Amino acid sequence: MVQRQAQARMPPDRKARLEALPGWIWNPFDDAWETGFQYLCDYAAKTGDSAVPQRHTLANGYRLGSWVNAQRFAQRMSPDRRTRLEALPGWAWGKSVKAWELGFEHLSDYAAKTGGCLVPEEHILSDGYLLGQWVSKQSRQRSHVAPDRKARLEALPGWTWATNQHDESWETGFRHLSDYAAEAGDCVVPSRHRLEDGYLLGRWARVQRMAHAKIPPARKARL
């Protein structure tokens, strides 16, 4: 440490002898950063983007997700490092990454509970999170979703890239109504009836009746 701190005052011949030693570096923190950046470059080359999951660990034990997260929320960073990170495909700073990960976490929990990812667009979680809108946004912006994120979404049970989110939403409501009818013996759903997963089935059924004149014949027949 003393030699590194005295770098500016050290005679040239001593600098040369130190630099000739295998593995000598003047700033170990710079070396650690370069190691993380190289791992991130390798990850981006394989996946097509740098959206590394926060808990992602490499085969050699390196916690790449933690390193990337630290860079995104770093208070101080040299312009050169910022430029190099921003040149990687899919790089984003702080809040946008955190927001996506939060949405994905909620969707993962929803899929684990319900067995699928067909979230009605109006669906709101008990904590107020607008999960239906988040899922709808992923579908609408499919062409802009990073490859790594696409792969993670497609790995969830029942995920589909809806070409028409309204159709998906209607099918979800119809499926819930079919299940209700099978259990109750009819489709007379109380207007305020809410399923265990939070789905407002009563509201959905009421909307169908009010929109009777505008519903396509095929849907009418199914109802």
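Predicted, not measured: the structure shown is a model, and the values here were computed from it.

Q: Help me understand the overall build of the protein, please; the structure alone is not making it clear to me.
A: Of regular secondary structure, the protein possesses 11 helices and 0 strands. In sequence order, the protein lays out its α and β elements as α-α-α-α-α-α-α-α-α-α-α. Summed over all atoms, the accessible surface of the protein reaches about 14,200 Å², with 53% contributed by carbon and sulfur.

Q: What exactly am I supposed to notice about the layout of surface pockets here?
A: If a probe as big as a water molecule is rolled over the atoms, it shows which places are left empty. Here the largest pocket is characterised by a volume of approximately 380 Å³. As for the largest pocket, its lining consists of 15 residues, of which Arg 175, His 176, Asp 179, Leu 195 and Asp 197 are closest to the centre. Among the secondary structure elements, those contributing two or more residues to the lining of the largest pocket are α6 (95-114) and α9 (165-184). Tallied by class, the residues present in the lining of the largest pocket amount to 5 nonpolar, 4 polar and 6 charged.

Q: Any chance you could explain helix α4 (residues 64-72) here in plain terms?
A: Because each turn of an α-helix spans 3.6 residues, side chains separated by three or four positions end up pointing in the same direction. Along α4, the residues that are buried comprise Leu 64, Gly 65, Trp 67, Val 68, Gln 71 and Arg 72. Seen along its axis, α4 keeps its buried residues to an arc of 160 degrees; they face one direction.

Q: I would appreciate a short explanation of the nonpolar core in the present structure.
A: Formed by 17 residues in total, the largest nonpolar core has its most connected members in Leu 107, Leu 131, Trp 134, Val 135, Leu 153 and Trp 159. Contributions of two or more residues to this core are made by α6 and α7 (131-140). No other element matches the 5 residues that α6 contributes to this core. Look past the residues within four positions of Val 135 in its chain and what remains in contact with it is Leu 107, Cys 117, Val 119 and Trp 159.

Q: How do you make sense of the packing of aromatic side chains when you look at a structure like this?
A: In this description, an aromatic ring pair is defined by two values, namely the gap between the centres and the angle between the planes. Considering all chains together, one arrives at 9 aromatic pairs under this definition. Taken together, a centroid distance of 5.3 Å and an interplanar angle of 85 degrees make the contact between Trp 91 and Trp 93 edge-to-face. On the basis of relative accessible area, Trp 93 is assigned to the partly exposed category, the value being 26%. Here the aromatic rings of Trp 100 and Phe 104 are separated by 5.3 Å at their centres, their planes lie at 10 degrees, and the arrangement is stacked. Taken together, the positions of Trp 100 and Phe 104, both in helix α6 and 4 residues apart, correspond to about one turn of that helix. The exposure class of Phe 104 is buried, given its relative accessible area of 12%. An aromatic cluster is defined as three or more aromatic residues linked by ring pairs; in this entry it consists of Trp 33, Phe 37 and Trp 67. Seen from the ring of Trp 91, Arg 72 lies directly overhead, with NZ or CZ sitting 4.7 Å from the centre. The ring of Phe 174 is capped by Arg 222, whose NZ or CZ atom sits 4.4 Å from the centre of that ring.

Q: I tried to follow the pattern of salt bridges on my own but got confused; where do I start?
A: Pairing is possible between side chains that carry opposite charge, provided their charged atoms lie close to one another. Tallied over the entire structure, the rule returns 4 salt bridges. One salt bridge connects Asp 80 with Arg 84, and the closest N-O pair in it is separated by 3.8 Å. One end of the pair is Asp 80 and the other is Arg 84, both in helix α5 (residues 79-86) and 4 residues apart, which spans about a single turn. Judged by relative accessible area, Asp 80 falls into the partly exposed class, the value being 48%. Overall, the relative accessible area of 26% leaves Arg 84 in the partly exposed class.

The rules behind the values
Each chain carries its own residue numbering, running from 1 in the written order of its sequence. Side-chain atom pairs in this predicted model are given and counted only at pLDDT of 80 or more, local residue features only at pLDDT of at least 70, and totals for whole chains, interfaces and linings cover all residues. The side-chain numbers reported here are obtained from all heavy atoms of the structure, hydrogens and water having been left aside. Only DSSP runs of H or I reaching four residues or more are called helices, and only runs of E reaching two or more are called strands; each is numbered from the N terminus. Only the protein chains shown count as cover for residues, with accessible areas throughout obtained via the Shrake-Rupley method and a probe of 1.4 Å. Note on definitions: the grid is 1 Å and covers protein atoms alone; a cavity is a set of points where a 1.4 Å probe fits but cannot get out; a pocket is an open set with protein on both sides within 12 Å along at least five of seven lines; lining residues have an atom within 4 Å of a point. Grid points are joined across faces, edges and corners, and a volume is the space filled by probe spheres set on the points. When residues are sorted by character, Ala, Val, Leu, Ile, Met, Phe, Trp, Tyr, Cys and Pro go into the nonpolar class, Asp, Glu, Lys and Arg into the charged class, and all the rest, Gly among them, into the polar class. When accessible area is computed with a 1.4 Å probe and restricted to protein chains, residues below 20% of their type maximum are described as buried, those above 50% as exposed, and intermediate ones as partly exposed. Arc definition: it is the arc formed by the directions from the helix axis to the C-beta atoms. Buried Ala, Val, Leu, Ile, Met, Phe, Trp, Tyr and Cys residues that are joined via side-chain atoms within 4.5 Å together make up what is termed a nonpolar core. Only heavy atoms matter for contacts: two residues are in contact if any of them lie within 4.5 Å across the pair. Pairing of aromatic rings covers Phe, Tyr and Trp, the last through its six-membered ring, and needs centres within 6.5 Å; plane angles under 30 degrees mean stacked, over 60 mean edge-to-face, and all others mean tilted. To sit over a ring, a charge needs its Lys NZ or Arg CZ within 6 Å of the ring centre and within 35 degrees of the ring normal. Think of a salt bridge as a Lys or Arg side-chain nitrogen and an Asp or Glu carboxyl oxygen that are within 4 Å of each other.

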